[in-house]
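If you want the building blocks of each chain, they are given just below.
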Amino acid sequence: MSGPQCCENPPTLNPNCGSGHLERIAGLNAYVTGLPESKFTVVLVSDIFGITPPSLRSPLVSFLVFFHYFGGFEAPNLRNLADKVAASGFYVVVPDYFKGDPYNPENAERPIAIWLKDHGHDKGFEETKLIVEALKGKGLSPIGAAGFCWGAKVVVELSKLGVIEAAVMLHPSFVTVEDIKAVTVPICVLGAEIDQMSPPVLLKKFEEALATKPEVDAFVKIFPKVSHGWTVRYDVGNAEAVKCAEEAHLDMTEWFVKYLK
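This structure is a prediction, so every number in the text was calculated from the model and none was measured.

Draft legend 1. Spotlight on the overall build of the protein. When helices and strands are tallied, the protein shows 9 helices and 8 strands. Out of the 261 residues belonging to the protein, those deemed buried represent 55%. Working note: accessible area of the protein is about 11100 Å², and carbon and sulfur atoms make up 57% of it.

Draft legend 2. Representation of the pattern of salt bridges. Per the counting criterion, the structure on display carries 17 salt bridges. Residue Glu165 pairs with Lys136 through a salt bridge whose shortest N-O separation is 3.2 Å. With Glu165 in the loop between helix H6 (150–161) and strand E6 (166–170) and Lys136 in helix H5 (residues 121–137), this pair connects stretches of sequence that are 29 residues apart. Two residues, Asp251 and Lys221, come together in a salt bridge whose shortest N-O distance is 2.8 Å. Remark: Lys221 occurs in strand E8 (residues 218–227) and Asp251 occurs in helix H9 (residues 239–260); sequence separation between them is 30 residues. Through salt bridges that share partners, Lys153, Glu157, Lys160 and Asp179 make up one connected network.

Draft legend 3. Representation of the packing of H5 against H6. Where H5 meets H6, the axes come as close as 9 Å, and the angle between the chain directions of the two elements is 55°. Considering the angle they form, H5 stands oblique to H6. Judged by the sense of rotation from one axis to the other, the crossing of H5 with H6 is right-handed. Listed contacts from H6 to His121, Gly124, Phe125, Thr128 and Lys129 of H5 are Trp150, Lys153, Val154, Glu157, Leu158 and Leu161. In the contact of H5 with H6, the residues fall into 5 nonpolar, 3 polar and 3 charged.

Draft legend 4. Spatial organisation of the confidence of the model for the protein. Scored by pLDDT, the protein has a mean of 87; 84% of the residues are at 70 or more. Low pLDDT, under 50, characterises residues 9–17; the predicted model gives this stretch 24 contacts beyond four residues in sequence or across chains. This model gives residues 56–74 a pLDDT under 50, and the stretch forms 42 contacts once residues within four places in sequence are excluded.

Draft legend 5. View of H5. Taking 1.5 Å of rise per residue, the 17 residues of H5 would be expected to cover 24 Å, and the 24 Å separating its terminal C-alpha atoms lies within 8% of that figure. For H5, every residue scored as buried is listed here: His121, Gly124, Phe125, Glu127, Thr128, Ile131, Val132 and Leu135. On its buried face, H5 sits against strand E1 (21–25), strand E2 (28–33), strand E3 (41–45), strand E4 (91–95), strand E5 (143–148) and H6. At the exit of H5 stands Gly139, carrying a positive phi of roughly 85°.

Draft legend 6. Broad picture of the pairing of E4. Burial of E4 is extensive: 5 of the 5 residues sit out of reach of the surface. Here E2 pairs with E4 via 4 bridges, running antiparallel. Considered in E4, the bridge of Tyr31 is made with Val94. Relative to E4, E3 is paired through 3 bridges, and the arrangement is parallel. Looking at E4, one finds that Val43 is bridged to Val93.

Draft legend 7. Local environment of the side chain of Thr33. Positionally, Thr33 belongs in strand E2. For Thr33, a relative accessible area of 6% gives the class buried. Polar side-chain contacts of Thr33 include one of 2.9 Å to the side chain of Asp83.

Draft legend 8. Geometry of the packing of helix H3 (residues 76–86) against H9. Direction vectors running N to C along H3 and H9 enclose 45°, while the axes themselves pass 11 Å from each other. In terms of their interaxial angle, H3 and H9 are classed as oblique. For the element pair H3 and H9, the recorded crossing hand is right-handed. Of H9, the residues touching H3 (which contributes Leu81, Lys84 and Val85) are Glu246, His249, Met252 and Thr253. Residues of the contact of H3 with H9, tallied by class, amount to 3 nonpolar, 2 polar and 2 charged.

What counts, and at which threshold
Residues numbered from 1 in each chain as written. Predicted model: local features only at pLDDT ≥ 70, side-chain atom pairs only at ≥ 80, totals over all residues. Heavy atoms only, no water. Helix = DSSP H or I, 4+ residues; strand = E, 2+ residues; numbered from the N terminus. Buried < 20%, exposed > 50% of the residue type's maximum accessible area, 1.4 Å probe, protein only. Areas by Shrake-Rupley, 256 points an atom, 1.4 Å probe, with all protein chains shown as cover. Salt bridge = Lys/Arg side-chain N within 4 Å of Asp/Glu carboxyl O. Axes fitted to C-alpha atoms, helices over the stretch in contact; angles between N-to-C directions. Parallel < 35°, antiparallel > 145°, perpendicular 65-115°, else oblique. Left-handed = near helix turned anticlockwise from the far one by under 90°. Contact = heavy atoms within 4.5 Å. Nonpolar A, V, L, I, M, F, W, Y, C, P; charged D, E, K, R; others polar. pLDDT = per-residue confidence, 0-100. Expected span 1.5 Å × (residues − 1). Pairing = 2+ DSSP bridges. Polar contact = N/O pair within 3.5 Å; in protein donor to acceptor, adjacent residues only side chain to side chain.

Have a look at this one:
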């Protein structure tokens, strides 16, 4: 079950960030940025707050209406991170898994346990497989994926089957040691010292499990003095928070450079 840290500190919404654009891929809206000519592709799988505002919950809201009124996506830190990864020579895709229904901590009628019933990791996994297939069908390959909190579980499932060529998990939730034992592609795990969902003791078990798999290159790093969600839900006005987030962003990007290029 998702802990309170997953539900804290939702992102500040800003519809005017990002240099990418909206696109439909395998039935999902997605924020895309970078040049597809690069071929090297990264899929970013969001946390429970997603990349669209809660006000767009209705499934009747069409793709065109969404684009007309909002012109893009709303989670500025994740969107700006996508642009940053693209600047390193990648084509980056950030799917809207929740279709206008991200977790909303202000909605008492849909606590996290109820919300997760509608947005399970199994569904995210299946949708991401279709996205990866669609991207590879366009000649975009190799493909890596990075998952944040909720998204980390999706990414580890992709990693088990070799659907992607490289993986990064940032402050993962729901991921178990058994999941890690089944990974078949290079994986980087970036965790927080202050994290109820994946505390350092669990991350150490991940590291130990990966050490028994010499055929899988792996890297586990615990960032001191930061909390769950620090890589995407940080205060841009806090220099220390920005510095910690950027260090993780660099580690993630370097992992993809190493294994995708």
